[in-house]
Amino acid sequence: MSLVFAINGQRFELDLSSVDPSTTLLEFLRYETPFKSVKLSCGEGGCGACVVLLSKYDPVLQTVEDFTVSSCLTLLCSINHCSITTSEGLGNSRDGFHTIHDRFSGFHASQCGFCTPGMSVSLYSALLDFSEFTVLEAEKAVSGNLCRCTGYRPIVDACKSFAADVDIEDLGFNSFCKKGDSCKNNSLPRCDSEKRVCSFPEFLKDEINKSVDSGMHRWCSPGSVEELQRLLRTCKANSDGLSIKLIAGNTSTGYYKDERERNYNKYVDITRIPEMKVIRENENGVEIGAVVTISKVIAALKEIRVEKMFGKLAAHMEKIAARFIRNFGSIGGNLVMAQRKQFPSDMATILLAAGASVNIMSLSRGLEKVTLEQFLQGPPLEAYDLVVTIEIPFWHRQSSELLFETYRAAPRPNGSALAYLNAAFLARVKDRMVVNCRLAFGAYGTKHAIRCKEVEEFLSGKVITDNVLSEAITLLGKFVVPEEGTSNLAYRSSLAPGFLFKFFHSLILAEKPSSNGFHLDQPKPLPMLSSSQHIPINDEFFPVGEPVAKSGASLQASGEAVYVDDIPAPTNCLYGAFIYSTKPYAKVKGICFKENSVPDGVLAVISYKDVPKGGQNIGMKFSFGPEPLFAEDFTLHVGQCIALVVADTQRHADTAANLAIVEYETEDLEPPILSVEDAVKNSSLFEIYPFLYPQQVGDTSKGMSEADHRILSSEIRLGSQYFFYMETQTALAVPDEDNSIVVYSSCQTPQYVHSVVATCLGIPENKVRIITRRVGGGFGGKAVKAMPVATACAVAANKLQRPVRTYVNRKTDMIMTGGRHPMKITYSVGFKSTGKITALELEILIDAGATVGLSMLIPSNIIGALKKYNWGALSFDFKLCKTNLLSKAIMRAPGDVQGTYIAEAIIENVASSLSLEADTIRKINLHTYESLALFYNRGAGEPHEYTLSSMWDKLGVSSKFEERVSLVREFNESNIWRKRGISRVPIIYPVSMFATPGRVSVLSDGTVVVEVGGIELGQGLWTKVKQMVGYALGMLQCGGTEKLVDKIRVVQSDTLSMVQGNFTGGSTTSEGSCAAVRLCCETLVKRLKPLMEKSGGPISWNNLISQAYAQSVNLSASDLYTPEETPTQYLNYGVAVSEVEIDLVTGQTTVLQTDILYDSGKSLNPAVDLGQIEGAFVQGLGFFMLEEYITDSEGLVLTDSTWTYKIPTVDTIPRQFNVEILNSGRHEKRILSSKASGEPPLLLAASVHCATREAVKEARKQLRMWKGVNDSGLMFQLPVPATMPVVKELCGLDTVESYLEWKSGVNSRL
Ligand SMILES: Cc1cc2nc3c(=O)[nH]c(=O)nc-3n(C[C@H](O)[C@H](O)[C@H](O)COP(=O)(O)OP(=O)(O)OC[C@H]3O[C@@H](n4cnc5c(N)ncnc54)[C@H](O)[C@@H]3O)c2cc1C
Ligand code: FES
Ligand code: FES
């Protein structure tokens, strides 16, 4: 029996008996085929990087059905007779890119590119789904696909560009048409019908009718319930340990990951059984087969228009996971997960309210119909029990009015996030009286969804009044109680009354429900996304300044761009996985495996003992000292690398690492230091080198004495943030001749990786070679933390004398890599009654973790950003705490983002204590040039360079700030359940230039090859470098140089070819690399000029180069750019206005609008800079609003997956996102007058947090009025991140109860 399928039109046939049935499609694609566009990022269905198009052919109807699936969860055996199309199957560099790839490139929608193939396939599938693809659909096309770089706006615009109803003028900045030009649809690259992708090849159609008999194999696909039963009976009869698993979509393994490591004897595919695929409508309702996918259930329910409730069910189901999960995950699979494993299901809750029942087939009892409620309450389904169908009854035929509504509160409004609580209510009402009702709640930390029968009974027969509702809510409180240990317990409980109130409130407000019988207070859909970009184009240094598309963007979209893990495995390649410490401080006694047997495929466990003689056990080396690679006798923190287990496959290595047991001993050891306070108490501190300690400003005692008011010893705490680059840490080490080694490393610091590998192996540096082509997102996480990954592979490769690679899985990456520095800040601030601040004193305890890493840079970064206001005088005391916690890394805007937040928190506190607007306090304390020079010394630059105060006013006008402040006020006065806030925030961000090398070589055909020290991380470095080379060689002014950019190729970084590469970080590497290649070009120009002059007349570039070759002119030049001595630092400025709306029932914050004004100097490439601005802002938004980084008391990261760590998605970015780039003119000392854009705009996201605080303030005012409390309630702090539970808690977990109580008091007084 064979498994036959097609990938990108190519036929594959595998002998079923040779296939491990637990192999995923992704594993097959990436390890067994050349199709590498499918990326692995999470491996759990939560990111979309692995999305492929799956096509099935129906030989009866002769139709092809195409839909997306996540290949990391789809089992290879499930795709028998299916066809798979990956992004390179849509189009590629050889046969021509697909229009989607071109548009992703032209809309500047790909940065690191790791998400782009998945995005492309998702969009392609969405285009196939709709005969008329609309803007609405375009916005949803990639919902569920994560991107950490772009901020989504350009991706959405690329999608919208295909919509039939799009107004082309509304599309964001792109390469196809310039704003203001008469831009026609036809200027966009169109789908060429000849290049239409054939998703299902003819040859496969012929194979479909061949019989399928798989009974003899571990994977089997019975064709009927009887056949299945026979199979199950046989299995049960022979069940001497025989384990069996029914498989529908297999998406449950995204959540229950240990399932993947279980080795079942039989995998029974139930998706071919006709009885389980039905969708049957009869007079009582609809019966749906258990293997019907959620997408098909949605489509079917939408079709049955007569039952309006079904539309609501479908709408709710559209928020389950992402489309690529719903397309393969079944309704039955979901309910079984809920029943058997207490999965926090939406399906169970909404179907419970809808009165669904379930038909179950068991070997002993045959077919049985039970209500969903009985099903959920029953004992866990046995392995041999089968859910055959689900029945949902019609309700519309009943005489009374019917109300039905579903609710869910989740971090992402459009799905791809489990709910904190979900609910669905059905009520039959007559003249505002509830005849009867069904109230279902789930996912709040309960075993399964429940019906609140006591409340149902209480409400039945009652006319809804405030008092009745109030009593019902009190009663409800006794039942919707999460189990102990559930996160955000009080918050989840508080949602239930809110939803019940929302549902029944209309019965109090309206005499009658609306004519269609449905609730008036519909959940508000998110406003559509829109945006504007104002980009100055500066042609003074053409082609520098042009918004050219990112170099290689189409290649990234097609998935052909090669990342480290895409490099084909060398012969004999082995794979590594880390064993990390789970104890903060303990003696390591030994490592063994569960059940004391060596797991499959394991060849070695590499530890510090394997560091070769003459080498050192170091895994990281930077200016501030080395760090160990492997723990030796003692672990220093949870997540510390203890060993690398090496096996024949990555899966075996990962499984073995999970099975490893480290034996620890903690007896007689001092307790670990697990907080900054403990570190201070124990004097466990790292020294901060004096030259890195920031300078105090003025005399704070004097400033304090001049103040009219003082706030003393106020405290702020800030947590961490994880990088969440889409490509996790990875390296491939290949031993080479003469005891040398080549390491392919996904890192931002090849030069340092080089040195660490050489030191660790004890070999001279000329025997090490580090190659880095591109990195799938770094954000600082691949500066320091990539070093141990590369070094561990090198040690293993050296020991085993075989290539060793590792692709760290997401969970291990999250546990071992760390993130931003958490800190505790205590401040005292003095200020005048006008709001003018006179002095600020800070004490800041920074958790550096167990080793110092780059933490010494944090204090000056904090202060650099905090000094954006004129504090009068500023003093501080930093303590860099050495704890037994994970060493922190430098994440994009390290310290700077905390500094800016601290400044804003202080401003808000001052404003609250004076009862003034925070905007007033900000304005009054903005720097003049004189105060700027006092705070930043020479970094302040020339007076004309200080653009911030004029930008503050300019954005005030362009964003209509004052007008909107009044509108927000009006909105808040007239809305009870939603409050808005608006805030304008300035930023100052100092950056420094570093030495950077470059080499430019001209080849005999006139093409140019460029090497630079900087690494392409998605930030557009290569693109800017190409433009600079084009500009600098263009100085020759010979024929053809204006098109030279097309002839330039920037190649990978190779540490033996380009030495002194330094590191990529600090926002200025693109500038530095541009400066370096400019120097090289100047040399080349000097060498070529005499030839030109000799030629006597116009000469073309190619001719010139031919002559140069003939005359042996050296056409390769290298140079090292070193920044001029003073100043190496300059300041970046930006202002943002954000407006948000919070929902008082759920605590959900919607960013309604953000306007950004950012000074890019004379931008080297405004399209690239725009991408950096938007992307950094959205990453900041994640830090301030969404990304909860939670650890246990010993420091083990608990939010270690896409299920628990929520980076922004397309539905959480500002609904209206406007960016203006300011060209602040010429500055001789900067690179062609440009400024940095990589990190500073991240700080602007503080504006969202500040606006949220404004909105919360309004909610608190209202709550206090209801409660009759006299204090203003305005002296509060909004923690970071301001997640839904945080916002709700500050607005009042009991808002609804308080409102009803207040209202009944008002009514009784009337
Ligand atoms: C990233 C992600 C996000 C998600 N978010 C949500 C969400 O927000 N809300 C929500 O409700 N759900 C969510 N889900 C769950 C999703 O709906 C389920 O994974 C899916 O419906 C399971 O269907 P499946 O066909 O893949 O089941 P499978 O994985 O094939 O099976 C699940 C389990 O049920 C058993 N089984 C399957 N079918 C039957 C049957 N007919 N009879 C008996 N046993 C059976 C299997 O043996 C297995 O144990 C999410 C899933 C993922 C991966
Ligand atoms: S890798 Fe498959 S969804 Fe993330
Ligand atoms: S471009 Fe999307 S993750 Fe980098």
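Conventions and cut-offs
- The residue numbering used here restarts from 1 in each chain and proceeds along that chain's sequence as written.
- Chains and ligands are labelled by the order in which they are written, letters from A for the one and numbers from 1 for the other.
- With the structure being a predicted model, the display of local features is reserved for residues of pLDDT at least 70 and the display and counting of side-chain atom pairs for 80 or more, all residues being used for whole-chain, interface and lining totals.
- Hydrogens and water are ignored here; the side-chain numbers use all heavy atoms of the structure.
- With a 1 Å grid laid over protein atoms only, a set of points is called a cavity when a 1.4 Å probe fits there but cannot get out and a pocket when it is open yet has protein on both sides within 12 Å along at least five of seven lines; lining residues have an atom within 4 Å of a point.
- Grid points are joined across faces, edges and corners, and a volume is the space filled by probe spheres set on the points.
- Secondary structure elements follow DSSP: runs of H or I no shorter than four residues count as helices, runs of E no shorter than two count as strands, and numbering proceeds from the N terminus.
- Under the scheme applied here, ten amino acids are nonpolar (Ala, Val, Leu, Ile, Met, Phe, Trp, Tyr, Cys and Pro), four are charged (Asp, Glu, Lys and Arg), and all others, including Gly, are polar.
- Exposure classes here rest on a 1.4 Å probe applied to the protein chains alone. A residue is buried below 20% of its type maximum, exposed above 50%, and partly exposed in between.
- Any two strands are treated as partners once DSSP identifies two or more bridges connecting them.
- The contact definition used throughout considers only heavy atoms, calling two residues in contact when any of these lie within 4.5 Å.
- UniProt positions are given in the numbering used here, feature names are shortened, and annotations may be inferred rather than shown by experiment.
- Put simply, two rings from Phe, Tyr or Trp (the six-membered ring, in Trp's case) pair if the centres are within 6.5 Å, and we call them stacked under 30 degrees between planes, edge-to-face over 60, tilted for the rest.
- Cation placement over rings: the criterion is NZ of Lys or CZ of Arg within 6 Å of the ring centroid and within 35° of the ring normal.
- Here a residue is considered near a molecule or strand provided that any single heavy atom belonging to it is located within 4 Å of it.
- Whenever two N or O atoms come within 3.5 Å, that pair is a polar contact, provided that in protein one can donate a hydrogen and the other can accept it, and provided that, for residues adjacent in sequence, both atoms are side-chain atoms.
- To estimate the expected span of a helix, subtract one from its residue number and multiply by 1.5 Å.
- Lines fitted to C-alpha atoms define the axes here, with helix axes fitted over just the stretch in contact, and angles between the N-to-C directions of these axes take values from 0 to 180 degrees.
- Orientation labels follow simple angle bins: below 35 degrees gives roughly parallel, above 145 gives roughly antiparallel, 65 to 115 gives roughly perpendicular, and whatever is left gives oblique.
- Crossings are classed by handedness, with left-handed meaning an anticlockwise turn of the near helix from the far one by less than a right angle and right-handed meaning a clockwise turn.
- The predictor's confidence in any single residue is recorded as pLDDT, a number from 0 to 100.

Looking at empty space enclosed by the protein
Right, on to step 1. Scanning the model with the defined rule gives 13 cavities of 30 Å³ or more in all.
Right, on to step 2. The computed volume of the largest cavity comes to approximately 320 Å³.
Right, on to step 3. Lining the largest cavity are 23 residues, and of these G639, C641, K785, P788 and M816 lie nearest its centre.
Right, on to step 4. No other element matches helix α25 (residues 810-817), which puts three residues into the lining of the largest cavity.
Right, on to step 5. Classifying every residue of the lining of the largest cavity gives 12 nonpolar, eight polar and three charged.
Right, on to step 6. Reported here for the second largest cavity is a volume of approximately 100 Å³.
Right, on to step 7. Taken together, H108, S110, Q111, K550, G1018, Q1019, G1020, A1167, V1168, G1171 and Q1172 form the lining of the second largest cavity.

Regarding the pairing of strand β29 (residues 730-736)
Right, on to step 1. Across the seven residues that make up β29, a large majority, five, are buried.
Right, on to step 2. The pairing of β29 with strand β32 (residues 804-807) spans four bridges and is antiparallel. Bridge assignment links A733 to a residue of β32, and that residue is V804.
Right, on to step 3. Hairpin remark: β29 followed by strand β30 (residues 740-745), antiparallel, with three residues in the connecting loop; positive phi at D738, about 55°.

Some thoughts on the sheet that holds strand β8 (residues 266-269)
Right, on to step 1. Spatially, the three strands line up as an open sheet ordered β6-β8-β7, and their pairing is parallel. Each edge of the open sheet is held by one strand with a lone partner, namely β6 (219-220) and β7 (244-247).
Right, on to step 2. Taken together, the four bridges between β7 and β8 define a ladder with parallel strand orientation. Following the sheet pairing, L246 is matched in β8 by V268.

Quick look at the environment of V1029
Right, on to step 1. With respect to the helices, strands and loops of the structure, V1029 is situated in helix α32 (residues 1021-1034).
Right, on to step 2. For the pair V1029 and I815, spaced 214 residues apart in sequence, the C-alpha to C-alpha distance is 42 Å.
Right, on to step 3. In this structure, V1029 is in contact with V1000, V1008, V1010, G1034, I1048, V1077 and C1081, ignoring residues within four places of it in sequence.

Re the UniProt feature "binding site: FAD" (unreviewed entry) in the protein
Right, on to step 1. Per the UniProt annotation, the sites labelled "binding site: FAD" (unreviewed entry) are S330, I331, G332, G333, N334, D346 and R408.
Right, on to step 2. Along the chain, the position of G333 falls in helix α13 (residues 331-341).
Right, on to step 3. Of note, N334 is situated in helix α13.
Right, on to step 4. For N334, a relative accessible area of 8% corresponds to the buried category.

Let's talk about the packing of aromatic side chains
Think of a pair of aromatic rings as described by two things: how far the centres are apart, and how the planes are tilted against each other in angle.
Right, on to step 1. Inspection of the entire model under this criterion finds 50 aromatic pairs.
Right, on to step 2. Ring-pair connections join several aromatic residues into one group, and the members of that group are Y407, F425, F441, F499, F503 and F504.
Right, on to step 3. Positioned above the aromatic ring of W952 is the side chain of R984, whose terminal nitrogen or guanidinium carbon lies 4.0 Å from the ring centre.
Right, on to step 4. Across the ring face of F1276, the terminal group of R1253 is positioned such that the distance to the ring centre comes to 4.3 Å.

Considerations on the site of ligand 1
Right, on to step 1. In the neighbourhood of ligand 1, 37 residues make up the surrounding shell, with L246, T251, S252, S330 and D346 lying closest.
Right, on to step 2. N250 places a polar main-chain atom, nitrogen or oxygen, 2.8 Å from an oxygen atom of ligand 1.
Right, on to step 3. Ranked by residue count, the leading element in the shell around ligand 1 is α13, at five residues.
Right, on to step 4. When its residues are assigned to classes, the shell around ligand 1 shows 21 nonpolar, 10 polar and six charged.

A short note on helix α36 (residues 1246-1267)
Right, on to step 1. In this model, α36 (22 residues) spans 31 Å end to end at C-alpha, consistent with the 32 Å of a helix rising 1.5 Å per residue.
Right, on to step 2. Burial analysis of α36 places 17 of its 22 residues in the buried class, the great majority of the element.
Right, on to step 3. Where α36 ends, the next residue or the one after it, G1268, has phi of about 70°, a positive value.

Comments concerning the packing of helix α3 (residues 99-106) against helix α4 (residues 116-129)
The description of two helices packed together rests on the angle between their axes and the distance between the axes.
Right, on to step 1. For the pair α3 and α4, interaxial distance at closest approach is 10 Å and the crossing angle is 125°. In this view, α3 runs oblique relative to α4, as classed from their interaxial angle. Regarding α3 and α4, the two cross each other, and that crossing is right-handed. Residue-level contacts link I100, H101 and F104 of α3 to T116, M119, S120, L123, Y124 and L127 of α4.

Quick word on the packing of helix α33 (residues 1069-1095) against helix α34 (residues 1101-1110)
Right, on to step 1. Relative orientation of the contacting elements α33 and α34 amounts to 105°, with a least axis distance of 10 Å. Here α33 is positioned roughly perpendicular relative to α34, judged by the angle of their axes. Here α33 contributes L1088, L1091 and M1092 to the contact with α34, which in turn contributes W1101, L1104, I1105, Q1107 and A1108.
Right, on to step 2. When the residues that make up the contact of α33 with α34 are grouped by side-chain class, the tally is seven nonpolar, one polar and no charged.

Things to note about the side chain of S122
Right, on to step 1. Summarising the element assignment, S122 is placed in helix α4.
Right, on to step 2. We classify S122 as buried; its relative accessible area is 5%.
Right, on to step 3. Within the structure, the side chain of S122 is placed 3.2 Å from the side chain of N145, a separation counted as a polar contact.
Right, on to step 4. Excluding residues within four positions of it along the chain, S122 makes contact with V51, T68, A141, V142 and N145.

Considering unusual backbone geometry
Right, on to step 1. For the bond running from F542 to P543, omega is 0°, close enough to zero to count as cis.
Right, on to step 2. Along the polypeptide, P543 turns up in the loop between β18 (530-534) and α19 (553-558).
Right, on to step 3. For the bond running from V1280 to P1281, omega is -5°, close enough to zero to count as cis.
Right, on to step 4. On the secondary structure map, P1281 appears in the loop between α36 and α37 (1284-1291).
Right, on to step 5. Notably, N488 is not glycine yet its phi reads approximately 50°, a positive angle.
Right, on to step 6. Looking at the secondary structure, you find N488 in the loop between α17 (466-476) and α18 (489-509).
Right, on to step 7. With a relative accessible area of 27%, N488 lands in the partly exposed category.

Quick notes on the confidence of the model for the protein
Right, on to step 1. Overall, the predicted model of the protein reaches an average pLDDT of 93, with 96% of residues at or above 70.
Right, on to step 2. The low-confidence segment residues 511-522, where pLDDT is below 50, has 27 contacts with residues more than four positions distant or belonging to other chains.

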